[in-house]
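What follows is the residue order along each chain.
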Amino acid sequence: MTEGALAKFRQWTQIVRHYGGLKNTLLAVYRYDDLKTGAFIGADKYGNSYYQNKRYFIGRSRWVQYADRVGLDYDASQVPPEWHRWLQYITDDPPTTTPIKRHPWMIDHIENKTGTRQSYMPYSTVRPKIQSWQPPAPSTTTSQSTGAMKS
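- As annotated in an unreviewed UniProt entry, the protein is NADH dehydrogenase [ubiquinone] 1 alpha subcomplex subunit 12 from Rotaria socialis.
- Per its UniProt entry, the protein bears the Function (unreviewed entry) comment "Accessory subunit of the mitochondrial membrane respiratory chain NADH dehydrogenase (Complex I), that is believed not to be involved in catalysis. Complex I functions in the transfer of electrons from NADH to the respiratory chain. The immediate electron acceptor for the enzyme is believed to be ubiquinone."
- The protein has a UniProt comment under Subunit (unreviewed entry) that states "Complex I is composed of 45 different subunits."

Here's what the structure looks like:
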């Protein structure tokens, strides 16, 4: 029983060392709801770090730690396509070892801005086919007729 407890303690200290201290470990639990250790594979130009640990099940053995600048506001659209193909097991080679070929027509990765001030909002140049209902303006004749009824 002590060997199991010692192994768990060793694993916990390894995790704390991996995240750079107890404070950062607790912050990682708060941000990701998961603590993993693994080999650092690489980082992209947006500050995301990519890790792999082959001891975990396939589908959970590769992961990303998003840049600190995004805080808790991270989503999967912040992963560039070259790293996405590695994370989703489309290829076994990370972009650090075999970068994808860049063509002149390719543009840089842009994350999805839905729900922010920078989201795409299309506008129409065509008149709407259905007009919204406008209530009639109040007329003065109705107030005169109600006054005549009172007398």
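Back to the text.
## Overview of the pairing of strand β2 (residues 49-52)
Stage number 1. Side chains Ser49 and Tyr51 of β2 all project onto a buried face; the interleaved residues Tyr50 and Gln52 project onto the opposite face, where all are buried too.
Stage number 2. Bridge analysis of strand β1 (residues 39-43) against β2 gives four bridges, and the strand direction is antiparallel. Bridge pairing links Phe40 to Tyr51 in β2.
Stage number 3. The pairing of β2 with strand β3 (residues 62-65) spans four bridges and is antiparallel.

## Regarding the nonpolar core
The nonpolar side chains of a soluble globular protein tend to be buried, and buried together.
Stage number 1. Grouped together as the largest cluster of nonpolar side chains are 13 residues, with contacts concentrated most on Tyr50, Val64, Tyr66, Val79 and Leu87.
Stage number 2. Among the secondary structure elements, those contributing two or more residues to this core are α1 (2-19), α2 (22-32) and α3 (81-87).
Stage number 3. With three residues, the single largest contributor to this core is α3.
Stage number 4. The residue makeup of this core includes at least three contributed by each of domain 1 (1-33) and domain 2 (38-101).

## Brief notes about the sheet that holds β3
Strand pairs in the sheet, formed through backbone hydrogen bonds, run parallel or antiparallel to each other.
Stage number 1. Judged by pairing direction, the sheet is antiparallel, and its three strands sit side by side in the order β1-β2-β3 without closing on themselves. The strands lining the two open edges of the sheet, one partner per strand, are β1 and β3. Adjacent strand axes in the sheet meet at a mean angle of 30°, parallel and antiparallel pairs treated alike.

What counts, and at which threshold
- Residues numbered from 1 in each chain as written.
- Predicted model: local features only at pLDDT ≥ 70, side-chain atom pairs only at ≥ 80, totals over all residues.
- Heavy atoms only, no water.
- UniProt positions renumbered as here; feature names shortened; annotations may be inferred.
- Buried < 20%, exposed > 50% of the residue type's maximum accessible area, 1.4 Å probe, protein only.
- Helix = DSSP H or I, 4+ residues; strand = E, 2+ residues; numbered from the N terminus.
- Pairing = 2+ DSSP bridges.
- Core = buried A, V, L, I, M, F, W, Y, C linked by side-chain atoms within 4.5 Å.
- Domains from an automatic or database assignment.
- Axes fitted to C-alpha atoms, helices over the stretch in contact; angles between N-to-C directions.

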